[in-house]
Amino acid sequence: MSDPGRNEGLDEGVWDLVVVGAGPAGSTAALAALRERPGLRVLLLDRESFPRDKSCGDGIAPHVGEVLDDLGAADVLDGWTPLEHLELSRGERRVAGRMARPVWVIPRRVLDARLVEHAAAAGATLVRHRVRTVRRTGSTYELDGTIRARVVVGADGAHSAVRDALGAGRVARRALAIRGYAPTLPERQGRQVIRYGERRQPAYAWAFDRGDGWSNVGYGELVGGSRDADPPTRQVLLEQLETLLPGSVPDGTDWRAHHLPLSGWRSGGAQADGAVLLVGDAAGLVNPMTGEGIYYAVATGRLAGRAAAQALADGTPASAGARHRQATARLLDRHLHHTWLAARLSRSPAVVGAGIVAAGRDHRVFDTLVELGLGDGRITPRLAAGLVAGLVRT
Ligand SMILES: Cc1cc2nc3c(=O)[nH]c(=O)nc-3n(C[C@H](O)[C@H](O)[C@H](O)COP(=O)(O)OP(=O)(O)OC[C@H]3O[C@@H](n4cnc5c(N)ncnc54)[C@H](O)[C@@H]3O)c2cc1C
């Protein structure tokens with residue numbers, strides 16, 4: 001990465017593609033664009049230098065590996081132990097089982113730096129720079145008055161400056177979560193543990209074993225959409241974590257909290273026509289049931305990179321936004337309808353309890369819940385029937 005704060009060279013000529021934010025969404029967008037058209041001039045900007053930490057549960061769904069495999073970057077998962085067991089509980093109700101496919105728990109300091117390396121190796125120019133403004137000037141865009149681009153990808157996370165510049169507005173439903181790292185307790189080894197709380201749903205604590213003696217531990221809950229809504233304090237978040245998963249906080253370290261912009265009924269609300277594309281958290285794409293966002297980040301990053309490259313190849317960069325919106329809707333919207341509904345239903349503690357009971361009685365329901373929460377699953381008739389039966393029994 002270029003020296004922090006030194007931006008010489010950025011203003012030379014017009015970049016084909018400028019990607020703002022080098023998290024999973026941004027690095028994947030840069031990589032996908034360059035795989036589609038290796039000769040593109042791609043600038044990847046981030047306000048931080050890598051490796052850098054990011055507040056996250058570090059849970060990597062198998063679907064992430066599939067997207068990255070398609071881009072020749074699946075080796076970012078190398079050296080970390082796959083996890084096969086998941087335990088869900090609420091109060092006295094508990095289910096534990098083997099997932100159909102393993103997940104990974106990889107610190108974002110490692111994962112994101114590896115992805116950035118892939119983007120740079122493919123030809124992206126990586127520079128530390130914080131973007132503040134994006135303005136249209138004729139047929140190109142100007143970032144901070146000096147950097148010019150034919151196409152811009154906004155991959156700058158939950159508080160996206162690019163999204164603000166588009167006038168797309170703030171994502172209405174948000175969660176706030178804190179995470180730290182703590183030594184793995186013997187009873188939590190080799191598994192992801194999720195324990196639901198009583199506060200604003202979705203509210204749960206987690207302990208995800210990294211496989212190296214440490215676990216990612218954390219707690220998150222829904223917050224109001226408006227800026228003046230009363231968010232939980234750091235102390236409340238840590239108290240909830242310790243209440244739900246005792247032993248997590250006293251030896252925990254590296255605590256970091258962050259917002260999660262939860263997805264709604266469909267994907268494309270904020271995506272305007274034109275050549276500014278939104279991906280990942282900047283597009284408001286985080287699973288509203290579970291807070292998982294890395295799969296959506298890499299999936300939409302890949303689509304945005306391709307849409308940008310194809311629009312540039314056709315000589316119609318302004319068509320990139322519509323292409324990206326349509327491709328994202330094709331990939332995610334049916335799934336998002338189902339997670340939207342599931343998140344609404346699971347605001348009721350009785351439904352969460354019924355889901356745990358149903359998953360305990362029928363492993364296919366367990367698999368369906370995992371797929372809905374981690375990847376691109378749907379509410380199946382079997383899950384619906386299991387929920388009804390669970391509700392009748394409770
Ligand atoms: C506590 C917590 C736990 C979570 N747990 C999980 C989990 O276990 N699994 C999962 O899948 N998801 C989880 N998520 C969600 C996940 O972290 C996000 O969905 C994911 O990071 C989104 O990736 P992204 O690339 O869109 O954004 P980010 O990862 O946020 O990356 C954005 C990048 O943009 C940069 N940036 C920001 N503003 C600017 C600017 N103005 N100019 C230049 N650069 C800028 C930032 O430095 C950052 O590198 C969790 C989130 C939180 C807060």
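About the cut-offs
Residues numbered from 1 in each chain as written. Predicted model: local features only at pLDDT ≥ 70, side-chain atom pairs only at ≥ 80, totals over all residues. Heavy atoms only, no water. Near = heavy atom within 4 Å. Polar contact = N/O pair within 3.5 Å; in protein donor to acceptor, adjacent residues only side chain to side chain. Areas by Shrake-Rupley, 256 points an atom, 1.4 Å probe, with all protein chains shown as cover. Helix = DSSP H or I, 4+ residues; strand = E, 2+ residues; numbered from the N terminus. Nonpolar A, V, L, I, M, F, W, Y, C, P; charged D, E, K, R; others polar. Salt bridge = Lys/Arg side-chain N within 4 Å of Asp/Glu carboxyl O. Buried < 20%, exposed > 50% of the residue type's maximum accessible area, 1.4 Å probe, protein only. Contact = heavy atoms within 4.5 Å. Pairing = 2+ DSSP bridges. Right-handed = clockwise from strand over helix to strand, strands pointing away. Phe/Tyr/Trp six-rings, centres within 6.5 Å; stacked < 30°, edge-to-face > 60°. Lys NZ or Arg CZ within 6 Å of the ring centre and 35° of its normal.

**Student:** Would you mind showing me how to read the site of the ligand here?
**Tutor:** Taken together, 34 residues sit near the ligand, with Asp46, Gly57, Gly59, Arg108 and Asp281 positioned nearest. Between the ligand and valine 131 there is a distance of 2.9 Å, counted from a nitrogen atom to a backbone nitrogen or oxygen. Protein chains bury 96% of the 1000 Å² of accessible surface belonging to the ligand in isolation. For the shell around the ligand, the secondary-structure elements that each account for two or more residues are helix H1 (24–36), strand E12 (204–209), strand E14 (253–261) and helix H6 (294–313). Looking at the shell around the ligand, its residues break down into 13 nonpolar, 11 polar and 10 charged.

**Student:** What exactly am I supposed to notice about the environment of glycine 91 here?
**Tutor:** With respect to the helices and strands, the residue glycine 91 is situated in the loop between strand E4 (83–90) and strand E5 (93–105). Here the alpha-carbon distance between glycine 91 and tyrosine 196, two residues 105 residues apart in the chain, equals 7.8 Å.

**Student:** What am I meant to see in the pattern of salt bridges here?
**Tutor:** Proximity of charged atoms lets side chains of opposite charge pair with each other. Using the criterion set out here, one finds 19 salt bridges in the structure. In this structure, the salt-bridge partner of glutamate 84 is arginine 98, at a minimum N-O distance of 2.4 Å. With glutamate 84 in strand E4 and arginine 98 in strand E5, this residue pair connects regions lying 14 residues apart in the sequence. Taking relative accessible area as the criterion, glutamate 84 reaches 32% and is therefore assigned partly exposed. The partner of glutamate 198 in a salt bridge is arginine 90, and the shortest N-O contact between them spans 3.0 Å. You can see glutamate 198 sitting in the loop between strand E11 (191–196) and E12 and its partner arginine 90 sitting in strand E4, a full 108 residues away along the chain. The exposed category is assigned to glutamate 198, whose relative accessible area is 64%.

**Student:** Where do I start with the side chain of arginine 90 in this structure?
**Tutor:** For arginine 90, a relative accessible area of 15% puts it in the buried group. Excluding its chain neighbours within four sequence positions, the residues that come into contact with arginine 90 are Tyr196, Gly197, Glu198, Pro349, Val352 and Ile356.

**Student:** Is there a simple way to explain the pairing of strand E1 (residues 14–20) in this structure?
**Tutor:** Regular strands place their side chains on alternate faces of the sheet. Burial within E1 is extensive, with seven of its seven residues counted as buried. Two elements, E1 and strand E2 (residues 42–46), share four bridges in a ladder whose sense is parallel. Considered in E2, the bridge of valine 18 is made with leucine 43. Note that the unit made of E1, H1 and E2 has a crossover that is right-handed.

**Student:** Before we go on, may I ask you to explain the packing of aromatic side chains in this structure?
**Tutor:** Aromatic ring pairs are described here by two measures, namely the spacing of the ring centres and the angle between the planes. All chains considered together, the criterion is met by five aromatic pairs. Ring geometry for tyrosine 204 versus tryptophan 206: centroids 6.0 Å apart, planes at 70°, classification edge-to-face. Judged by relative accessible area, which is 8%, tryptophan 206 ranks as buried. Relative to tyrosine 296, the ring of tyrosine 295 lies with its centre 5.9 Å away and its plane at 55°, an arrangement referred to as tilted. Across the pair, exposure class does not vary: tyrosine 295 and tyrosine 296 are buried alike. Here the aromatic residues Tyr196, Tyr204, Trp206 and Phe208 are joined through ring pairs into a cluster of three or more. One cation-aromatic arrangement involves arginine 41 over tryptophan 15; the distance from NZ or CZ to the ring centre is 4.2 Å.

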